[in-house]
Amino acid sequence: MASVISPPSSLRIYFRLLSYVRPYVGTFAVSILGFMIFASSQPMLAGVMKYFVDGLGGATEGLQLGVPFLDGIDLVKAVPVMIVLIAIWQGVGSYLGNYFMSKVSLGLVHDLRLALFDSMLRLPNHYFDRHNSGHLISRITFNVTMVTAAATDAIKIVIREGLSVVFLFGYLIWMNWKLTLVMVAVLPVISVLVSRASRKFRKQAKKIQRAMGDVTHVVSETIQGYRVVRSFGGEDYESRRFREASENNTRKQLRMGKTNATYTPMLQVVIYSAMSVVLFLVLLLRGDASAGDLVAYITAAAMLPKPIRQLSEVSSKIQRGVAGAESIFEQLDEPSEADSGTVARERVEGRIEVRGLSFRYPGTEREVLHELSFDVQPGQMVALVGRSGSGKSTLASLFTRFYDHDCGELCIDGVDVRDYTLRNLRRHVALVSQQVTLFNDTVANNIAYGDLADAPREAIEAAVEAAAAKEFIDRLPNGLDTEIGENGVMLSGGQRQRLAIARALLKNAPILILDEATSALDTESERLIQAAIERLMVGRTTIVIAHRLSTIEKADQILVMENGRIVERGTHAELSVRGGPYARLQAVGGEEYGN
Ligand code: ATP
Ligand code: MG
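Keep in mind that what you see is a predicted model, and the values were worked out from it rather than measured.

Some remarks on the overall build of the chain
Item 1. Along the chain, the regular secondary structure elements total 20 helices and 10 strands.
Item 2. Contacts in the chain between residues far apart in sequence, at least 24 positions, make up 77% of those at least 6 positions apart.
Item 3. Total accessible area on the chain is roughly 29000 Å²; 58% of this is exposed by carbon and sulfur atoms.

A closer look at the sheet that holds strand E5 (residues 415-416)
Item 1. Taken in spatial order, the four strands make up an open sheet running E2-E1-E4-E5, and their pairing is antiparallel. The sheet is open, and its two borders are formed by strand E2 (369-376) and E5, each paired with just one other strand.
Item 2. Relative to strand E4 (residues 407-412), strand E1 (residues 352-359) runs antiparallel, the two sharing five bridges. Across the sheet, residue valine 354 finds its bridge partner in E4, namely leucine 410.

Some points on the coordination of the magnesium ion (ligand 2)
Item 1. Only Ser393 (OG) and Gln434 (OE1) from the protein coordinate the magnesium ion (ligand 2), and they sit 1.9 to 2.3 Å from it. Taken together, the residues span a long stretch of sequence, with serine 393 in helix H11 (residues 392-399) and glutamine 434 in the loop between strand E6 (429-432) and helix H13 (443-447) at a distance of 41 residues.

Quick look at the site of ligand 1
Item 1. Inspection of the region around ligand 1 gives 17 residues, with Arg366, Ser388, Ser393, Thr394 and Gln434 positioned closest.
Item 2. Contacts to ligand 1 include serine 388, whose side-chain N or O atom sits 2.5 Å from an oxygen atom.
Item 3. Taking serine 393, its side chain carries an N or O atom lying 2.7 Å from an oxygen atom of ligand 1.
Item 4. Calculation on ligand 1 without its partners gives an accessible area of 640 Å², and the protein chains cover 70% of this total.
Item 5. The element best represented in the shell around ligand 1 is H11, accounting for three residues.
Item 6. In the shell around ligand 1, the residues fall into three nonpolar, nine polar and five charged.

A closer look at the side chain of aspartate 515
Item 1. In this fold, aspartate 515 is placed in strand E7 (residues 511-515).
Item 2. Of the polar contacts made by the side chain of aspartate 515, one reaches the side chain of serine 393; its length is 2.6 Å.

As for the pattern of salt bridges
Item 1. Throughout the structure, instances matching the rule amount to 20 salt bridges.
Item 2. Note that aspartate 293 and lysine 50 form a salt bridge whose closest N and O atoms lie 2.9 Å from each other. Of this pair, aspartate 293 sits in helix H9 (residues 291-303) while lysine 50 sits in helix H2 (residues 25-56); the two residues are 243 residues apart in sequence, bridging distant segments of the chain.
Item 3. By relative accessible area, which is 21% here, lysine 50 ends up partly exposed.
Item 4. The network of salt bridges with shared partners includes Lys50, Asp54 and Asp293.

Section: helix H14 (residues 457-466)
Item 1. Burial in H14 covers these residues: Ile460, Ala463, Val464 and Ala466. For H14, the arc enclosing every buried residue in end-on projection is 165 degrees, short of the 170-degree limit, so these residues lie on one face.
Item 2. Alanine 468, located one to two residues past H14, shows a positive phi value of around 55 degrees.

Details of the environment of glycine 287
Item 1. You can see glycine 287 is positioned in the loop between helix H8 (235-284) and H9.
Item 2. A relative accessible area of 66% places glycine 287 in the exposed class.
Item 3. In this structure the C-alpha to C-alpha distance between glycine 287 and asparagine 176, which are 111 residues apart in sequence, comes to 9.6 Å.

Describing the packing of aromatic side chains
Item 1. The tally for this structure, following the rule as stated, stands at nine aromatic pairs.
Item 2. Ring centres 5.9 Å apart and planes at 20 degrees place the aromatic pair tyrosine 20 and phenylalanine 329 in the stacked group. Of this pair, tyrosine 20 sits in the loop between helix H1 (8-19) and H2 while phenylalanine 329 sits in helix H10 (residues 305-333), and the two are 309 residues apart along the sequence.
Item 3. With a centroid separation of 4.9 Å and an interplanar angle of 85 degrees, the aromatic rings of tyrosine 361 and tyrosine 403 are classed as edge-to-face. With tyrosine 361 in the loop between E1 and E2 and tyrosine 403 in the loop between H11 and E4, this residue pair connects regions lying 42 residues apart in the sequence.
Item 4. Accessibility expressed as a relative area gives 9% for tyrosine 403, which makes it buried.

Here's the deal with a nonpolar patch on the surface
Item 1. Together, Val81, Val84, Leu85, Ile88 and Val92 line one region of the surface with nonpolar side chains, adding up to about 440 Å² of accessible area.
Item 2. Relative to the assigned elements, valine 92 resides in helix H3 (residues 75-122).

Describing the environment of valine 368
Item 1. By the element assignment, valine 368 lies in the loop between E1 and E2.
Item 2. Taking the relative accessible area as the measure of exposure, valine 368 reaches 11% and is therefore buried.
Item 3. Beyond its immediate sequence surroundings of up to four residues, valine 368 is in contact with Phe359, Arg360, Tyr361, Ser390, Gly391, Thr394, Asn563 and Gly564.

Some thoughts on the sheet that holds strand E3 (residues 381-386)
Item 1. Strands sit in the order E6-E7-E8-E3-E9-E10 across an open sheet of six strands; the sheet is mixed. Looking at the sheet topology across the chains shown, the edges are occupied by E6 and strand E10 (565-570). The mean inter-strand angle of the sheet, taken between neighbouring strand axes irrespective of direction, is 15 degrees.
Item 2. Of the pairings in the sheet, the one linking E7 to strand E8 (residues 541-545) comprises five bridges and is parallel in character.

Let's talk about the packing of helix H5 (residues 133-175) against H10
Describing two packed helices takes the angle between their axes plus the distance from one axis to the other.
Item 1. Put simply, H5 and H10 touch, their axes get as near as 7 Å, and they point 150 degrees apart. For the element pair H5 / H10, the angle class is roughly antiparallel. Read as a crossing pair, H5 and H10 show a hand that is left-handed.
Item 2. Here the contact of H5 with H10 is composed, by residue class, of 18 nonpolar, eight polar and seven charged.

Conventions adopted
- Residues numbered from 1 in each chain as written.
- Chains lettered and ligands numbered in written order.
- Predicted model: local features only at pLDDT ≥ 70, side-chain atom pairs only at ≥ 80, totals over all residues.
- Heavy atoms only, no water.
- Helix = DSSP H or I, 4+ residues; strand = E, 2+ residues; numbered from the N terminus.
- Contact = heavy atoms within 4.5 Å.
- Areas by Shrake-Rupley, 256 points an atom, 1.4 Å probe, with all protein chains shown as cover.
- Pairing = 2+ DSSP bridges.
- Donors = N, O, S within 2.8 Å, 3.2 Å for Na, K, Ca; no water.
- Near = heavy atom within 4 Å.
- Polar contact = N/O pair within 3.5 Å; in protein donor to acceptor, adjacent residues only side chain to side chain.
- Nonpolar A, V, L, I, M, F, W, Y, C, P; charged D, E, K, R; others polar.
- Salt bridge = Lys/Arg side-chain N within 4 Å of Asp/Glu carboxyl O.
- Buried < 20%, exposed > 50% of the residue type's maximum accessible area, 1.4 Å probe, protein only.
- Arc of directions from axis to C-beta.
- Phe/Tyr/Trp six-rings, centres within 6.5 Å; stacked < 30°, edge-to-face > 60°.
- Patch = residues over 30% accessible without salt bridge, like charges linked within 9 Å, V, L, I, M, F, W, Y side chains within 5 Å.
- Axes fitted to C-alpha atoms, helices over the stretch in contact; angles between N-to-C directions.
- Parallel < 35°, antiparallel > 145°, perpendicular 65-115°, else oblique.
- Left-handed = near helix turned anticlockwise from the far one by under 90°.

As far as function goes, none of this settles anything; it's purely spatial.
What follows is the structure in structure tokens.
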């Protein structure tokens, strides 16, 4: 009864949540049956009191249940036995109800977690630009649990306590309907209180969630950046920031607790006032009821407040869950990466044509790439140079469609990248990005990652060799099978880069994009890799974004970028004598080229 008074939108969310219960209908039904058994024991306990009191008063009625060996037993003497039997009956109900409901709710947690995680794998790049990881993580860990509290605990209470109320009420009406009508008069007062509380709860629950996300966010940022925190003396700042986030969370939880703590006793007062009215009326409207009847009646009436109170609390549970579900469904409803392309090629030649390509990051004003046009023939090598922030990495990310370009064309083998299926497109492009990402796994598994997981050992070794990584991998305790820690913490910057290069080389894609992949290497390793890349470039279209790599000088074409435009193009020989931007970049030295 308590949950009915909520706005329609939250009802919709709640029903959607319940749709996740569908696979567990059988288990759910058993659990409900259990709660029904439990609830039915409530009026029985009150009923037994009648026999006991009447028995004490001298009435000796024999038991008439139609059960052969029980019939005729003196009722007073049967009361203790009956109480035990009722307790067992109640226990069975309680067990069935609780156990099977846990099964449903844990299954639900699992399903929601999976759904969220899978949606995360499909969400477009810009979603991660806009949402911080702490909030995404806490959605999976914290919200989900809260949500199931609504979906299952709430149902548990609604059914168990709701039925208790119904049964007790039925019993009361059966015993004395006039008295019972007085109780009914009190109910609207209760529901008004309940509905007011529930609205307040929902608002607060949402705030708590956000505050929880902030807590996770600060923690994960500090863990990831602990070196920066230590070396720049950021301890106090981070500690303060965390304290604020945590205090904020505590404050909000406390406010929720306060609302809870205020409304529950208020409700109690209302209920007990009703009880005293009932007691008064019992004396007034006693009629020809026996002492046992009256005691049983009052016992049943006294059992009512507890389930009613629990029902009143259920609404806060549901509101909390609905608030959690709202953000979960928001993420689930978020459109996946656009993948409307239909072209899937076994292998492309690697011919790249860019025509009037412009791009701005979703949700921003500034055009980061402005009307770029250039061609790259299969097997050619293009070098992108230009100041930091000129848009080189952005251009690289358009090839794998981490973002979709706004206007112009970006064609591979004459087909716009948007017309390829995402999976197929990404198979053709091997990208070594500026930020190397490694997984907490062995060296070999990091190189043979994802689609490459089945790569033969020899192929991995060849890639390692080509990426000039063999020498340092051989020195690791277990060679290729060494675990490298979270994001490869046990490796140096240059070693991490070489692993990333090996990964890209193993992919053996017709288009290779190296975004400053060699910036952390010493001259010797760079020379080795350069030799490897030169070997690999044969039959492969390569785009290199780098400043030191002398391969730039051998590039078939150098594109000089400035503020998202190509301001100069040509070979090294042409550009260095022209005295334009390229020559200027060269003159100020390596750093100015790229990073
Ligand atoms: P560097 O040599 O330092 O790597 P870059 O040429 O690779 O620089 P980009 O990373 O392409 O530069 O960035 C180009 C511009 O786009 C920058 O001004 C940057 O502020 C902006 N930018 C980059 N990533 C995003 C993003 N996810 N959302 C919005 N703007 C972005
Ligand atoms: Mg960059």
